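One letter stands for each residue in the lines below.
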Amino acid sequence: MASTKEIKRRITSIKNTKKITKAMELVAAAKMKKAVGQTVASRVYAGYSWEVLTSLSQYVDESTHELLKERNGNRKLIVLVTSNRGLCGSYNAQIMRKVIAQMRTHPEDELSFVTVGKKGDAMLRRLGKEIIASFTEMPENPKLFDTLPAARLVTDLYASGKYDEIHVAFTDYVSGLTQIPKIRKLLPVSKEEVKKGIEEALSTIKDKPKEMKVSVDYVFEPSYEEVMKDLVVKIVRMQMYQMILESSASEQSARMIAMKNASDAAGDMIGDLTLVFNKARQAGITQEISEISAGMASVS
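Residues numbered from 1 in each chain as written. Predicted model: local features only at pLDDT ≥ 70, side-chain atom pairs only at ≥ 80, totals over all residues. Heavy atoms only, no water.

1. Considering the sheet that holds strand 2 (residues 110-116)
As summarised here, the arrangement of the 5 strands in space is 3-2-1-4-5, forming an open sheet in which the pairing is mixed. Both edges of this open sheet fall to strand 3 (131-135) and strand 5 (179-187), since each of them pairs with a single strand only. Along the sheet, successive strands turn relative to each other by an average axial angle of 20°, direction set aside. Looking at chain direction, strand 4 (residues 165-173) and strand 5 are connected through 8 bridges and run antiparallel. The partner of His167 across the bridge, within strand 5, is Lys185. In this fold helix 5 (residues 118-127) packs onto strand 1 (75-81), strand 2 and strand 3, with an angle of close to 155° to the strand it touches most, strand 3. (Pairing = 2+ DSSP bridges. Helix = DSSP H or I, 4+ residues; strand = E, 2+ residues; numbered from the N terminus. Axes fitted to C-alpha atoms, helices over the stretch in contact; angles between N-to-C directions. Contact = heavy atoms within 4.5 Å.)

Now the structure itself:
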């Protein structure tokens with residue numbers, strides 16, 4: 001059995017560690033609240049664009065936008081969204097397992113990657129995968145303009161014909177306890193996906209303004225194609241922005257839970273070591289009493 005001095009030193013060390021993990025838990029909780037609020041607030045965009053998107057959806061079939069064109073091929077680009085820092089439980093490992101499972105399921109695909117976050121970039125480099133670009137300076141609570149360079153890159157790569165499909169691997173925030181890794185196709189934006197996206201946007205709006213109409217007849221200036229050109233690009237950018245926001249909220253939630261588990265584990269270790277310390281001290285006292293008694297018996 002270790003000495004009481006050594007056990008006491010270990011208890012002090014674990015208490016200091018617990019203070020750190022508890023502080024990190026509180027910081028992560030504050031960041032998670034902000035990230036979740038930002039994620040939910042971005043959905044308001046769907047409310048303001050509801051009338052326009054619903055009215056334009058009836059004309060989607062007429063569009064010949066380059067981002068709507070589907071190609072036959074297996075050249076695919078995956079945008080992998082991970083964190084810049086660790087200590088967030090299995091957050092990064094889950095999305096990486098999802099990507100590896102995708103590669104094993106479709107070995108015929110010619111895959112390239114764009115990474116958002118240092119952890120995913122490091123993991124892909126260890127696997128020897130081709131990385132087109134890395135965005136490792138993304139803030140924890142990104143704004144729309146922070147994601148525009150990545151969005152412009154993927155749209156330009158698809159428009160140039162270098163890739164047949166572009167997917168985003170991200171973590172969907174469901175609740176503080178549930179985050180689901182997903183791989184979603186970003187490009188091409190199929191005409192059915194545009195209509196489906198509009199319907200999904202409508203379903204997230206609880207209180208629709210009464211003045212919103214189901215359909216409005218518009219006069220397009222300068223032309224319908226010019227309007228769709230900007231609209232489709234904005235939809236793609238908003239989709240990518242929303243996925244990065246979902247990942248940010250999931251990261252902070254996973255970090256909060258990981259730090260809470262670490263704090264709880266430290267508390268359990270302190271309790272166990274305190275019990276061992278008390279037993280060791282009691283054994284020492286008992287031994288000292290026995291030695292005193294034995295000494296007194298020998299004298300008498």
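2. Focus: the nonpolar core
With 30 residues, the main nonpolar core has Val79, Ile166, Leu186, Leu187 and Met240 as its most contacted residues. Put simply, the parts of the chain that give this core at least two residues each are strand 1, strand 2, strand 3, helix 6 (144-159), strand 4, strand 5 and helix 8 (224-299). No other element matches the 8 residues that helix 8 contributes to this core. Not counting residues up to four positions away in its chain, the partners in contact with Leu187 are Leu67, Val154, Thr155, Tyr158, Glu165, Ile166 and Val236. (Core = buried A, V, L, I, M, F, W, Y, C linked by side-chain atoms within 4.5 Å. Buried < 20%, exposed > 50% of the residue type's maximum accessible area, 1.4 Å probe, protein only.)

3. With respect to the packing of helix 4 (residues 91-105) against helix 5
Orientation of helix 4 relative to helix 5, taken along the N-to-C sense of each, is 40°, at an axis distance of 11 Å. By the angle between their directions, the pair helix 4 and helix 5 is classed as oblique. Along this stretch, helix 4 crosses helix 5, giving a crossing that reads as right-handed. Here Asn92, Met96 and Ile100 of helix 4 lie close against helix 5, whose contacting residues are Lys119, Met123, Leu124 and Leu127. Among the residues forming the contact of helix 4 with helix 5, the class breakdown is 5 nonpolar, 1 polar and 1 charged. (Parallel < 35°, antiparallel > 145°, perpendicular 65-115°, else oblique. Left-handed = near helix turned anticlockwise from the far one by under 90°. Nonpolar A, V, L, I, M, F, W, Y, C, P; charged D, E, K, R; others polar.)

4. Thoughts on the side chain of Ser263
With respect to the helices, strands and loops of the structure, Ser263 is situated in helix 8. Of the residues examined, Ser263 reaches a relative accessible area of 3% and is grouped as buried. Ignoring anything within four residues of it in the chain, the contact list for Ser263 reads Lys18, Thr21, Lys22 and Glu25.

Function cannot be inferred from these measures alone, as they are strictly geometric.
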